[in-house]
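Descriptive structure summary
Now for the letters of each chain:
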Amino acid sequence: MLQSLIEVILPVFLVIGAGYIATYFGYFKEIHIDGIMKFTQGFAIPCLLFLAISHLDLSASFDPRLLGSFYSAAALCFTAGLFGARLIFRRDWEDCVAIGFCCLFSNSVLLGLPITERAYGPENLDGNYAIIAFHAPFCYGVGITVMEIIRNRGNGGTRMVRSVLSAMFRNALILGIALGFIVNLSGIGVPVVLDDALGLITRAALPGALFALGGVLVKYKPEGDLRTIAYVCAISLMLHPSLMWAFGKTTGLPQDLFRSGVLNAAMAPGFNAYIFASLYGRAKRVAASSVLIGTGVSILTVWFWLTLLG
């Protein structure tokens with residue numbers, strides 16, 4: 001469906017492209033993009049997630065079939081990335097964990113939210129927010145745990161737990177999500193004035209983040225083992241949504257949650273994949289190139305999944 005490409009996907013990638021072009025030609029410097037990214041990732045998007053989760057109908061949104069389907073598929077993709085990197089590409093185990101993380105961490109916030117919103121409307125984002133609420137804790141929990149087990153060969157249990165908790169609770173997105181849950185579950189109402197102020201901030205969150213994502217991609221170069229990068233992109237863009245589709249159909253997910261699950265699974269690796277690789281100094285070129293190439297290729301693969309979803 002050409003219409004879905006033009007009306008849903010291209011506007012999102014045009015904003016990314018605007019950020020890329022403005023940075024590439026020097027109109028925006030790296031320090032400017034870093035500032036926009038810090039504002040969106042460290043403040044505006046946490047406010048967006050706080051506001052969304054504080055107002056969510058938790059009983060309707062947090063369907064265990066959605067979370068089970070999405071994260072079972074994600075875990076299988078991590079496993080495929082981990083062992084594929086080891087058995088096919090002969091990387092050492094620490095590289096394999098970083099490559100597996102690239103296959104695990106889909107860009108559910110910067111790409112999944114705006115594409116789902118444009119495709120199905122803001123009233124159909126409950127499934128997205130449910131996935132996002134567990135995304136960073138799950139992915140970092142899996143990646144850091146496996147990496148610390150490999151690095152310490154199972155002998156650093158206390159250090160491993162400390163590393164996992166430290167990485168997660170330094171993350172502003174997780175803090176925004178946690179505060180949203182506290183407000184929702186406690187029944188404390190957000191004052192109208194504060195709610196309106198947060199609403200103003202959140203309007204800048206996604207477009208600002210998409211523009212900054214384009215600027216960040218300028219410094220990523222398509223380097224490294226192209227076969228490994230192609231393998232990561234195939235898992236992220238095709239295997240993950242395929243598994244999510246199969247699990248969602250098997251468990252009888254409602255249509256709105258099913259669409260959110262498949263589209264989030266179909267997103268390119270997020271640049272958290274590069275952050276994770278940089279944290280451990282492992283497979284950084286593969287991670288950076290996977291983010292860059294996967295984001296570009298996803299213009300076509302997301303169109304494919306949107307067409308299948310109808």
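So, a few notes on the structure that sits alongside this text. (Residues numbered from 1 in each chain as written. Predicted model: local features only at pLDDT ≥ 70, side-chain atom pairs only at ≥ 80, totals over all residues. Heavy atoms only, no water.)

1. Here we look at unusual backbone geometry
This is how it is decided: Here a helix means four or more residues in a row that DSSP labels H or I, a strand means two or more in a row labelled E, and each is numbered from the N terminus. Relative accessibility under 20% of the residue-type maximum defines a buried residue, over 50% an exposed one, and the middle range a partly exposed one, all with a 1.4 Å probe and only protein chains included.
Here R90, not a glycine, exhibits a phi torsion of approximately 60 degrees, which is positive. Its identity as a non-glycine residue notwithstanding, A283 has a phi of 50 degrees, on the positive side. Here A283 is to be found in the loop between α14 (272-280) and α15 (284-309). Judged by its relative accessible area of 11%, A283 falls in the buried class.

2. Brief notes about the packing of aromatic side chains
Note the threshold: Only Phe, Tyr and Trp rings take part, Trp by its six-membered ring, and two of them pair if their centres are within 6.5 Å. Stacked means planes under 30 degrees apart, edge-to-face means over 60, and tilted covers everything else. In our convention, an over-ring charge means Lys NZ or Arg CZ found within 6 Å of a ring centre and within 35 degrees of that ring's normal.
Evaluation of the coordinates by the stated rule reveals 19 aromatic pairs. Here the aromatic rings of W245 and F258 are separated by 5.1 Å at their centres, their planes lie at 75 degrees, and the arrangement is edge-to-face. Taken as a pair, W245 in helix α12 (residues 226-251) and F258 in helix α13 (residues 255-265) lie far apart in primary sequence, 13 residues in all. Since its relative accessible area comes to 6%, F258 is described here as buried. Between F304 and W305 the ring centres are 5.1 Å apart and the planes differ by 75 degrees, which places this aromatic pair in the edge-to-face class. For F304, a relative accessible area of 38% puts it in the partly exposed group. According to the relative accessible area criterion, W305 is buried, its value standing at 4%. Site record: aromatic cluster; members linked through ring pairs are F101, F105, Y140, F276 and Y280. Its guanidinium or amino end placed over the ring of F258, K249 lies 4.8 Å from that ring's centre, counting from NZ or CZ. Above the plane of the ring of Y120 lies R259, whose end atom (NZ or CZ) is 3.9 Å from the centre.

3. Observations regarding the side chain of R91
What counts is decided by this rule: Any pair of N or O atoms that falls within 3.5 Å is considered a polar contact. Within protein, one atom must be able to donate a hydrogen and the other to accept it, and sequence-neighbouring residues count only if both atoms are side-chain atoms. Note on definitions: a residue-residue contact is assigned when non-hydrogen atoms from the two residues lie within 4.5 Å.
For R91, the position within the fold is in the loop between α4 (64-87) and α5 (93-104). Among the polar contacts made by the side chain of R91, one reaches the side chain of D95 at a distance of 3.3 Å. Each residue touching R91, except ones within four places of it in the same chain, is listed here: A85, R86, C96, I99, D225, T228, A283 and V286.

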